[in-house]
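# Structural description and commentary
These are the residues of each chain, in order.
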Amino acid sequence: PGDKVNIAGPSGIGKTTLFRLLLGFEMPDSGHIEVNGKTLEGEQIWAVRQHVAYVSQDLNIGLGTVNQLFTETLSYKQNHHLKSHAQKHIAQLLEQFELPTSTLDKNITELSGGEKQRVAIVNALLLQRKVFFLDEISSALDAALKEKVLDYFLGNSEFTVLYISHDSYRPSNIAIKALTLSNHD
């Protein structure tokens, strides 16, 4: 708990696939994955997903308005209890990531890549999870916003963060573990 782990390696080595395996979106070709001493399958996959917020590098975050995206996320049965807290904090989170509240009324297809990334981040934070899998979440951001986003996640001692990033920025006052994937044929 509270660890920050940067997952690095060349493009195509399997960094995103690792996240997909850990979340049960893909199954290993051989062997198995254990989480808390239990093989990751069936109910265990569901339990993991209830504790992890995943922000993908994919900028296809949905259709409709930003507000509709947030409403949909909070409409799932397991998220109902988060609605009142989210409604109180959406404006604060938008401000934190330099998005005006008018963003709520914008159509997702009209957002820039950087705006979509920040909306996806806010959407993940609305879930109030303590574990984050972050896949290239700052790739479409300028240098100042990259630092702000990474500082937010890496600087929070309550968050456990596994993140994929090709950026060289690392906050100097935060212990970050490194996991480098390589292909040793």
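For the structure itself, look to the data block above.
These remarks concern the structure in this document. Within every chain, residues take consecutive numbers counted from 1 along the sequence as written. The predicted origin of the model limits local features to residues at a pLDDT of at least 70 and limits the giving and counting of side-chain atom pairs to 80 or more, whereas totals for whole chains, interfaces and linings rest on all residues. Note: side-chain values were computed over all heavy atoms of the structure, leaving out hydrogens and water.

## A look at the side chain of Lys-4
With respect to the helices and strands, the residue Lys-4 is situated in strand E1 (residues 4-8). A polar contact is formed between the side chain of Lys-4 and the backbone oxygen of Asn-156, at a distance of 2.9 Å. In protein, a polar contact requires one atom able to donate a hydrogen and another able to accept it; more generally it is a pair of N or O atoms within 3.5 Å, and residues adjacent in sequence count only if both atoms are side-chain atoms. Of note is the side chain of Lys-4, whose polar atom sits 2.4 Å from the backbone oxygen of Phe-159. Each residue touching Lys-4, except ones within four places of it in the same chain, is listed here: Phe-153, Leu-154, Asn-156, Ser-157, Phe-159, Val-161, Ile-174, Ala-175, Ile-176 and Lys-177. Put simply, DSSP H or I for four residues or longer makes a helix, DSSP E for two residues or longer makes a strand, and each gets a number counted from the N terminus. Whether two residues are in contact is decided by their heavy atoms, any of which lying within 4.5 Å being enough.

## Examining the pairing of E1
Remark: exposure states derive from per-residue accessible area (1.4 Å probe, protein chains only) relative to the maximum for the residue type, with buried under 20%, exposed over 50%, and partly exposed in between. Across the 5 residues that make up E1, a large majority, 4, are buried. At least two bridges found by DSSP between two strands is the condition for calling them paired. Pairing of E1 with strand E6 (residues 160-164) involves 4 bridges; the strand directions are parallel. Looking across to E6, one finds that Val-5 is bridged to Leu-162. With 4 bridges connecting them, E1 and strand E7 (residues 177-180) associate as parallel partners. Bridged to Asn-6 within E7 is Ala-178.

## So, the sheet that holds strand E4 (residues 52-55)
Overall, parallel pairing links the 5 strands, which are arranged E4-E5-E6-E1-E7 in an open sheet. Both outer strands of the open sheet, E4 and E7, are each paired with one neighbouring strand and no more. Recorded for the sheet is a direction-independent mean angle of 15° between the axes of neighbouring strands. Relative to E4, helix H5 (residues 113-125) is tilted by about 170°, and along the sheet it contacts E4 and strand E5 (131-135). Sheet strands in contact with helix H6 (residues 143-154) are E1, E5 and E6, and its direction is about 145° off that of E6. Comment: axis = line fitted to C-alpha atoms, over the contacting stretch for helices; angle = value between 0 and 180 degrees taken between N-to-C directions.

## Describing the nonpolar core
Judged by nonpolar contacts, the single largest core of 38 residues is most densely connected at Phe-70, Val-119, Ile-121, Leu-125, Leu-134 and Phe-153. Where this core is concerned, the elements lending two or more residues are E4, helix H3 (66-75), helix H4 (83-96), H5, E5, H6 and E6. Buried Ala, Val, Leu, Ile, Met, Phe, Trp, Tyr and Cys residues that are joined via side-chain atoms within 4.5 Å together make up what is termed a nonpolar core. Among the nonpolar cores identified, the runner-up in size contains 14 residues, and Leu-21, Ile-33, Leu-40 and Ile-164 belong to it.

## Things to note about H5
For a helix, the expected span equals 1.5 Å multiplied by the residue count minus one. With 13 residues, H5 extends 19 Å between its outermost C-alpha atoms, agreeing within 8% with the 18 Å of an ideal straight helix rising 1.5 Å per residue. For H5, the tally of buried residues reaches 12 of 13 residues, placing the bulk of the element in the interior. Within H5 the residues assigned to the buried category are Gly-114, Glu-115, Lys-116, Gln-117, Arg-118, Val-119, Ala-120, Ile-121, Val-122, Asn-123, Ala-124 and Leu-125. Elements in contact with the buried residues of H5: E4, H3, H4, E5 and H6.

## Points about the packing of aromatic side chains
Stacked, tilted and edge-to-face are the three classes applied to pairs of Phe, Tyr and Trp rings, where Trp contributes its six-membered ring and a pair requires centres within 6.5 Å; stacked means planes under 30 degrees apart, edge-to-face means over 60, and tilted covers the rest. Taken as a whole and assessed by the stated rule, the structure comprises 9 aromatic pairs. Residues Phe-19 and Tyr-54 carry aromatic rings whose centres are separated by 6.1 Å and whose planes lie at 90° to one another, so their mutual orientation is edge-to-face. Of the two residues, Phe-19 sits in helix H1 (residues 15-22) while Tyr-54 sits in strand E4, which places them 35 residues apart along the sequence. Among the residues examined, Phe-19 registers a relative accessible area of 0% and is labelled buried. One aromatic cluster is present, built from ring pairs that chain together Phe-97, Phe-132, Tyr-152, Phe-153 and Phe-159.

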